[in-house]
Amino acid sequence: MGLPEFPYHPDPLATGSVIGSDAECLCCGRPRGYVYSGPAYAERSIERRRLCPWCIADGSATERFGATFNDAGAGAPGEVPGAVIEEITRRTPGYVAWRQERWLFHCGDGAAFLGAVGAKEISDHPDALEMLRREHEGRPAQQVENYLAALDKDGRPTAYLFRCRSCAAHLAYSDST
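Keep in mind the model is a prediction, meaning the values are calculated, not measured.

A. Local environment of the sheet that holds strand β5 (residues 112-117). If you walk across this open sheet you meet the three strands as β5-β6-β7, and the pairing is antiparallel. A strand with exactly one partner marks an edge of an open sheet, and here the two such strands are β5 and β7 (170-175). The mean inter-strand angle of the sheet, taken between neighbouring strand axes irrespective of direction, is 25°. Where strand β6 (residues 158-163) lies against β7, six bridges are found, and the strand directions are antiparallel. The residue bridging alanine 159 from the neighbouring strand is serine 174, located in β7. Across the sheet, helix α6 (residues 126-135) is in contact with β6 and β7; its angle to β7 comes to roughly 40°.

Dropping the structure here:
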């Protein structure tokens, strides 16, 4: 059985936000073969790795536990429709970042999260690389280039890659402890 479709997180298996598991989902009670491994925010604690992707996609996990999976509203430009924010926060798997993860937006919509990337991977996306350079404006150019060269998808600092769903531009931000 294939995973449900997540327009704003198209491959949660590749990003590690969904993993294989025989655990029963806390929401539907079924062992679906996969569980969510990312962050979940709710009034009461939700046992990690016990929600299935289907209960996230259909909104059941939000309805039952008041869960949200991303804090997309904080960084969303005003032109992004509320329905988009709702989809990203309540029906899209989140991802783990070193500090607080954030969602990126472009062309009046949420961007699709593609995963954590390091220097090697980000070099294939010059538009995202330029965005990372702008993130460090005001610092000496060599210091910024050294920082970008140190990006590590499995370590720190890490960059998080997104793609605009409208124009296909690549976007990124970086994070470390």
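B. Structural context of helix α7 (residues 141-149). For α7, the set of buried residues is Val144, Tyr147 and Leu148. Burial along α7 is one-sided: seen end-on, the buried residues are contained in an arc of 95°. Residues Gln142 and Ala149 are exposed on α7 and point more than 90 degrees away from its buried face. Taken together, the buried residues of α7 touch α5 (119-122), α6 and β7.

C. Spatial organisation of the side chain of serine 37. When you line up the elements, serine 37 lands in the loop between β2 (34-36) and α2 (53-57). A distance of 2.5 Å separates a polar atom in the side chain of serine 37 from the backbone oxygen of glycine 16. With residues near it in sequence (within four places) discarded, serine 37 still touches Gly16, Ser17, Val18, Ile19, Arg48, Arg49 and Val96.

D. Summary view of the packing of α6 against α7. Closest axis-to-axis distance for the α6/α7 pair is 10 Å, and the angle between their directions is 130°. Judged by the inter-axis angle, α6 sits oblique to α7. Handedness of the α6/α7 crossing: right-handed. Of the residues in α7, those in contact with Leu129, Leu132 and Arg133 of α6 are Val144, Glu145 and Leu148. In terms of residue class, the contact of α6 with α7 is made up of four nonpolar, no polar and two charged.

E. Quick look at the nonpolar core. Counting 17 residues, the largest nonpolar core has Ile88, Tyr95, Trp103, Phe105, Tyr160, Phe162 and Tyr173 as the members making the most contacts within it. Those elements giving two or more residues to this core turn out to be α4 (82-91), β6 and β7. Sort the elements by how many residues they give to this core and α4 lands first, with three residues. Not counting the four nearest positions on each side in its chain, tyrosine 160 is found in contact with Tyr95, Val96, Ala97, Trp98, Phe113, Gly115, Ala116, Leu171, Ala172, Tyr173 and Asp175.

F. View of the pattern of salt bridges. Within the structure shown, the criterion is met by seven salt bridges. In this structure, the salt-bridge partner of arginine 165 is aspartate 109, at a minimum N-O distance of 3.0 Å. Within this pair, whereas arginine 165 is found in the loop between β6 and β7, its partner aspartate 109 is found in strand β4 (residues 109-110), the two being separated by 56 residues in sequence. Through salt bridges with shared partners, a single network forms among Glu130, Arg133 and Glu145.

Reading the values: rules and limits
- Each chain has its residues counted from 1, following the order in which its sequence is written.
- Two thresholds apply to this predicted model, a pLDDT of at least 70 for residue-level local features and 80 or more for giving and counting side-chain atom pairs, whereas whole-chain, interface and lining totals are computed over all residues.
- With hydrogens and water set aside, each side-chain value is computed from the structure's full complement of heavy atoms.
- By this definition, two strands are paired if DSSP reports at least two bridges between them.
- Secondary structure elements are taken from DSSP: a helix is a run of H or I of four residues or more, a strand is a run of E of two residues or more, and numbering for both begins at the N terminus.
- For helices, the fitted line uses only the C-alpha atoms of the stretch in contact; every axis is such a line through C-alpha atoms, and the angle between N-to-C directions lies from 0 to 180 degrees.
- Only heavy atoms enter the contact rule, under which two residues are in contact if any of them lie within 4.5 Å.
- Relative accessibility thresholds used throughout: buried, under 20% of the residue-type maximum; exposed, over 50%; partly exposed, between the two (1.4 Å probe, protein chains only).
- The arc in question is the one traced by the directions running from the helix axis out to the C-beta atoms.
- Pairs of N or O atoms are called polar contacts if they sit within 3.5 Å, as long as, within protein, a hydrogen donor faces a hydrogen acceptor (for residues adjacent in sequence, only side-chain-to-side-chain pairs).
- Every angle not falling under 35 degrees, over 145, or within 65 to 115 is termed oblique; those three ranges are roughly parallel, roughly antiparallel and roughly perpendicular.
- By the definition used in this description, the sense in which the near helix is turned from the far one sets the handedness, with an anticlockwise turn below a right angle giving left-handed and a clockwise turn giving right-handed.
- Residue type decides the class: Asp, Glu, Lys and Arg count as charged, Ala, Val, Leu, Ile, Met, Phe, Trp, Tyr, Cys and Pro as nonpolar, and the leftover types, Gly among them, as polar.
- Among buried residues, those of type Ala, Val, Leu, Ile, Met, Phe, Trp, Tyr and Cys that are joined through side-chain atoms within 4.5 Å constitute a nonpolar core.
- What makes a salt bridge here is a side-chain nitrogen of Lys or Arg within 4 Å of a carboxyl oxygen of Asp or Glu, nothing more.

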